[in-house]
Protein chains: 2
Amino acid sequence: MRIQSKKMQQVLSDVLRKYGFSDVDAEQSAALFVQNSVDGVYSHGYIRFPRVISYLEKGYIKPEAKPSVEGSFGSIERWNGNLGMGNLIAKQAMDRAIDLARENGMGCVAIRNTNHWMRGGTFGWQAAEAGFIGLCFTNTQPNMPAWGASDRRIGNNPFVLAIPRKSGEHVVVDCAMAQYSYGKIEEAKLSGRQLPYPGGFDKYGNLTSDPVAIEKTWRVLPIGYWKGSSLSIAFDLIAAILSGGNSVSAVGQLGGDEYAVSQVVIAIDPNRLGTEDEANMIIDRALADLSDSHPVDEGSQVMYPGQRTYATRRENMEQGIPVNEDVWHSILSFLED
Amino acid sequence: MRIQSKKMQQVLSDVLRKYGFSDVDAEQSAALFVQNSVDGVYSHGYIRFPRVISYLEKGYIKPEAKPSVEGSFGSIERWNGNLGMGNLIAKQAMDRAIDLARENGMGCVAIRNTNHWMRGGTFGWQAAEAGFIGLCFTNTQPNMPAWGASDRRIGNNPFVLAIPRKSGEHVVVDCAMAQYSYGKIEEAKLSGRQLPYPGGFDKYGNLTSDPVAIEKTWRVLPIGYWKGSSLSIAFDLIAAILSGGNSVSAVGQLGGDEYAVSQVVIAIDPNRLGTEDEANMIIDRALADLSDSHPVDEGSQVMYPGQRTYATRRENMEQGIPVNEDVWHSILSFLED
């Protein structure tokens, strides 16, 4: 089943309006969910939407809340998200970071007390579309054990890097510090498949690709073992101290749901120190060399980060967004009274 | 065999003077090699020193070269390293980034045409010692296949994050995008050991922990598989376009040795948006919770990034730096004529 993006936009914005968002905010937040779905990141597009509605119902997300500026110095700012809608706040924050970068070469907004931004890559694409380098990270609830630990006290803390290109074919990395998301582990379990590579530890402490064994311990694997664990801890601390907000540990003390997290978005102007043409030539040459890589699987092609998005985007815009019928119907049901 | 840090400082600075460095530069560069060795990062301390001398002899590193500013806008600067000594230039660049951050909240220096900075963590520690958040990355020669590729066209591009603490017990992550360095793989091979976790692919395309099998393919593993590959590509592009310098691909076309690389150092002032006490309380609480993690190995302790450094530093300052006799004698031989 496929839903046209226009139709999805209409439904999601209608639901958000019903839950208390202004017209403008409902349209803009819905557009971010739709874009994530169009780009094939369904888990942080329409699939996540029902959970957002439940957070609105629980009062964790406040539909009318606007972020407020709590501090400002040169090229950096601190915002309080006031528990507003995470994707709207992060988008505004990146807009502001870009403005600061226009003035100062680079800009940074750190946000406390905000909500899940859905797909972090969104705000990297946003920076790149504006012609800026983007760098974003968020903390989360405790969902991963630190390296050497068996209980979950650190977050999977996604990290985003985006590089703009004149052609519009931007380079965007969006990756969490856990090897696999809970969604991916669940998906493998439901379809009776093994993960392609080890994603956690079984109850004997051995690395395993078996989603069922991982779900028994929830000892999910950080990327690069001790390395991803360390990066996750560092991103958390930087986000928390710059924003003055919750660390992963403090989010964990809120009672089990994930809200009031801390985020950082940074924009850098790549064309203040050199020219756009120079930057594009450097990128084009580097990516051409990458593309000449000998593929391990004959007939395949080594891609740059974000490259696969373009084909998915085109297909989903032309043919509609493939949706899980149950999830879609649960979204439609929010419009019934 | 252990060498007192003072003795090592004297020998290394004498050698550097002999190879054309000014007194000040010789002392300062030697001090960075010694500090890395004191901190237990021998591979990027005294062990790397003979290779640096060979690069001086080949003319890749120019002992008298000083970096020049090629562009400046607000909180960002572009430098040409003019092929000077990598660790000296990176230190000066971080000093400048810290000054920019004092003025603007954050500062960034991008350097082209510079040389290997030895241990990236050095410049994270430097930022933290000055009370600043540090964020650094460098590119390298092509030394890792991109995900899905069999030939090496991307770099292991180290990434550093540092968070200052009032106590001086800073949090510092310093990690390359390859799971293991060539040094670690070589070390395992020479001692007849397997790597603790898979570090690359064998000739059949299977993941392996066998250093001999990995050395046959040189298909070393990026951290987090496709994730580390993507991060490596993105760090490379950002470093190259901000500095206007070589990408990994361009470094690879220089003839096989690693010089004229591109680096980025960023400093952020954590106390302009909030107070130092607030930041320290957030960090202390988060690290206390981390430290309460249930260790997988009974009796062990979950550490924060950088924590192990303090014990090593103390031991090596008190007892001297443990050195490989052959390497140490080869260093001493540079003083003979």
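Residues numbered from 1 in each chain as written. Chains lettered and ligands numbered in written order. Predicted model: local features only at pLDDT ≥ 70, side-chain atom pairs only at ≥ 80, totals over all residues.

*Asks:* Would you take a moment to explain the overall build of chain A for this structure?
*Replies:* Each helix and strand in chain A was counted, giving twelve helices and 13 strands. Taking 20 Å as the expected radius of gyration for a compact globule of 337 residues, we find that chain A reaches 20 Å, a close match to that expectation. Counting only C-alpha atoms and orienting by the principal axes, one finds that chain A spans roughly 55 × 55 × 45 Å. Residues counted as buried form 57% of the 337 residues belonging to chain A. Counting contacts in chain A only where the partners sit at least 6 residues apart, residues at least 24 apart contribute 62% of the total. (Helix = DSSP H or I, 4+ residues; strand = E, 2+ residues; numbered from the N terminus. Rg over C-alpha atoms; globule rule 2.2 N^0.38 Å. Buried ≥ 20, exposed ≤ 12 C-beta atoms within 10 Å, placed from the backbone. Contact = placed C-beta atoms within 7 Å.)

*Asks:* Whenever I open this one, the relation of the copies chain B and chain A confuses me. Can you help?
*Replies:* Once chain B is rotated about the relating axis by 180° and shifted along it by 0.0 Å, it coincides with chain A to within an RMSD of 0.0 Å. Both chain copies can therefore be described as sitting about a two-fold axis. Relative to the rotation axis, the closest C-alpha in chain B is found at G224(B), a distance of 2.5 Å. When the interface residues of chain B are mapped onto chain A, 100% of them again lie at the interface, so the same face is used by both copies. (Least-squares fit on C-alpha atoms with pLDDT ≥ 70 in both.)

*Asks:* Just checking my understanding: could you explain the nonpolar core for this structure?
*Replies:* When a protein is soluble and globular, its nonpolar side chains tend to lie buried together. Counting 211 residues, the largest nonpolar core has A97(A), I238(A), A267(A), A97(B), I238(B) and A267(B) as the members making the most contacts within it. In contact with A267(A), other than residues within four places in its own chain, are M94(A), A97(A), I98(A), A101(A), M106(A), G107(A), A127(A), F132(A), I133(A) and G134(A). (Core = buried A, V, L, I, M, F, W, Y, C linked by C-beta atoms within 7 Å.)

*Asks:* What exactly am I supposed to notice about the sheet that holds strand β8 (residues 159-163) of chain B here?
*Replies:* In sheet architecture, strand pairing relies on hydrogen bonds along the backbone and comes in two forms, parallel and antiparallel. Residues and elements named next belong to chain B. Taken in spatial order, the seven strands make up an open sheet running β2-β3-β4-β12-β5-β8-β9, and their pairing is mixed. Because the sheet does not close on itself, it has two edges, and the strands there are β2 (68-73) and β9 (171-175). Averaged over neighbouring strand pairs, the angle between their axes works out to 10° when direction is ignored. The pairing of strand β4 (residues 106-114) with strand β12 (residues 261-268) spans seven bridges and is classified as antiparallel. Bridge assignment links G107 to a residue of β12, and that residue is A267. On the sheet, helix α8 (residues 226-243) packs against β3 (76-80), β4, β5 (133-138), β8 and β12 and is oriented at approximately 90° with respect to β12. (Pairing = 2+ DSSP bridges. Axes fitted to C-alpha atoms, helices over the stretch in contact; angles between N-to-C directions.)

*Asks:* Explain the interface of chain B and chain A to me, please; I cannot follow it from the model alone.
*Replies:* Much of the literature gives interface size as the accessible area that the parts lose upon coming together. Listed as interface residues are 68 residues of chain B and, on the opposing side, 68 residues of chain A. Of all the elements, α8(B) adds the most residues to the side of chain B that touches chain A, at twelve residues. Of the residues that constitute the side of chain B that touches chain A, the class distribution is 39 nonpolar, 19 polar and ten charged. (Nonpolar A, V, L, I, M, F, W, Y, C, P; charged D, E, K, R; others polar.)

*Asks:* Sorry if this is basic, but what is going on with the environment of G245(A) here?
*Replies:* All names here are of chain A. Inspection of the secondary structure puts G245 in the loop between α8 (226-243) and α9 (248-252). When the C-alpha atoms of G245 and S262 are compared, they prove to be 5.8 Å apart, with 17 residues separating the residues in sequence. Non-local contacts of G245, meaning those with residues more than four positions away in its chain, are made with R112, N113, A240 and S262.

*Asks:* I would appreciate a short explanation of the pairing of β5(B) in the present structure.
*Replies:* All names here are of chain B. Along β5, six of the six residues are buried, which leaves the element largely enclosed by surrounding structure. Where β5 meets β12, six bridges bridge the pair, whose relative direction is antiparallel. Note that in β12 the partner of F137 across the bridge is V264. Both β5 and β8 contribute to a ladder of four bridges, which runs antiparallel. Residue G134 lies in a different strand from β8, and its bridge partner there is A162.

*Asks:* What's the story with the packing of helix α10 (residues 276-291) of chain A against α8(B) in this structure? I'm lost.
*Replies:* In helix packing, the relevant descriptors are the interaxial angle and the interaxial distance, both defined with respect to the helix axes. The contact between α10(A) and α8(B) brings their axes to 9 Å, and the two run at 150°. As summarised for this structure, α10(A) and α8(B) are arranged roughly antiparallel, according to the angle between their axes. Handedness of the crossing formed by α10(A) with α8(B): right-handed. Residues A279(A), I282(A), I283(A), A286(A) and L290(A) of α10(A) touch α8(B), and the partners they reach there are I233(B), D236(B), L237(B), A240(B) and I241(B). (Parallel < 35°, antiparallel > 145°, perpendicular 65-115°, else oblique. Left-handed = near helix turned anticlockwise from the far one by under 90°.)

*Asks:* For this particular structure, what's the right way to read the packing of helix α4 (residues 86-104) of chain A against helix α5 (residues 121-129) of chain A?
*Replies:* Residue and element names in this part refer to chain A. Their axes nearest at 10 Å, the elements α4 and α5 cross at an angle of 30°. Looking at the two axes, α4 sits roughly parallel to α5. Here α4 runs over α5; the crossing is right-handed. Where α4 approaches α5, its residues N87, A90, K91, M94 and I98 are matched on the opposing element by T122, F123, Q126 and A127.

*Asks:* Sorry if this is basic, but what is going on with the sheet that holds strand β12 (residues 261-268) of chain A here?
*Replies:* Strand order across the open sheet formed by seven strands is β2-β3-β4-β12-β5-β8-β9 (chain A), with mixed pairing between neighbours. In this open sheet, the two edge strands, each paired with only one partner strand, are β2 (68-73) and β9 (171-175) of chain A. When the angles between neighbouring strand axes are averaged without regard to direction, this sheet yields 10°. Along the sheet face, α8(A) touches β3 (76-80), β4 (106-114), β5 (133-138), β8 (159-163) and β12 of chain A and points at about 90° away from the line of β12(A). In this fold α8(B) packs onto β5, β8, β9 and β12 of chain A, with an angle of close to 135° to the strand it touches most, β9(A).

*Asks:* I'm lost on the pairing of β8(B) in this one. Help?
*Replies:* Each regular strand carries side chains that alternate between the two faces of the sheet. Residues and elements named next belong to chain B. Burial of β8 is extensive: five of the five residues sit out of reach of the surface. Where burial is concerned, the two faces of β8 agree: the one with F159, L161 and I163 and the one with V160 and A162 are both buried. As defined by bridge partners, β8 adjoins β9 across five bridges and the pair is classed as antiparallel. Paired with L161 across the two strands is V173, which belongs to β9.

*Asks:* Sorry if this is basic, but what is going on with α4(A) here?
*Replies:* One full turn of an α-helix is made of 3.6 residues, so residues set three or four places apart face in the same direction. For α4(A), with 19 residues, the first-to-last C-alpha span of 26 Å sits near the 27 Å given by 1.5 Å per residue. For α4(A), the buried fraction is high: 14 of the 19 residues fall into the buried class. (Expected span 1.5 Å × (residues − 1).)

*Asks:* Looking at this model, I keep getting lost on unusual backbone geometry. Mind explaining?
*Replies:* Across residues other than glycine, the phi torsion is negative in most instances, and most of the peptide bonds are trans. In this model, N113(A) sits at a positive phi of 60°, which is unusual for a non-glycine residue. Within the secondary structure, N113(A) sits in strand β4. By C-beta crowding, N113(A) is classed as buried, having 23 other C-beta atoms within 10 Å. Its identity as a non-glycine residue notwithstanding, N157(B) has a phi of 25°, on the positive side. Mapping N157(B) onto the fold places it in the loop between β7 (152-154) and β8.

*Asks:* Sorry, what's going on with the confidence of the model for chain A here?
*Replies:* Predicted coordinates in areas of low pLDDT are best not read in detail. Model confidence for chain A is summarised by a mean pLDDT of 97, while 100% of its residues fall at 70 or above. Across the interface, the model reports ipTM at 0.98; the global pTM reads 0.98. (pLDDT = per-residue confidence, 0-100.)

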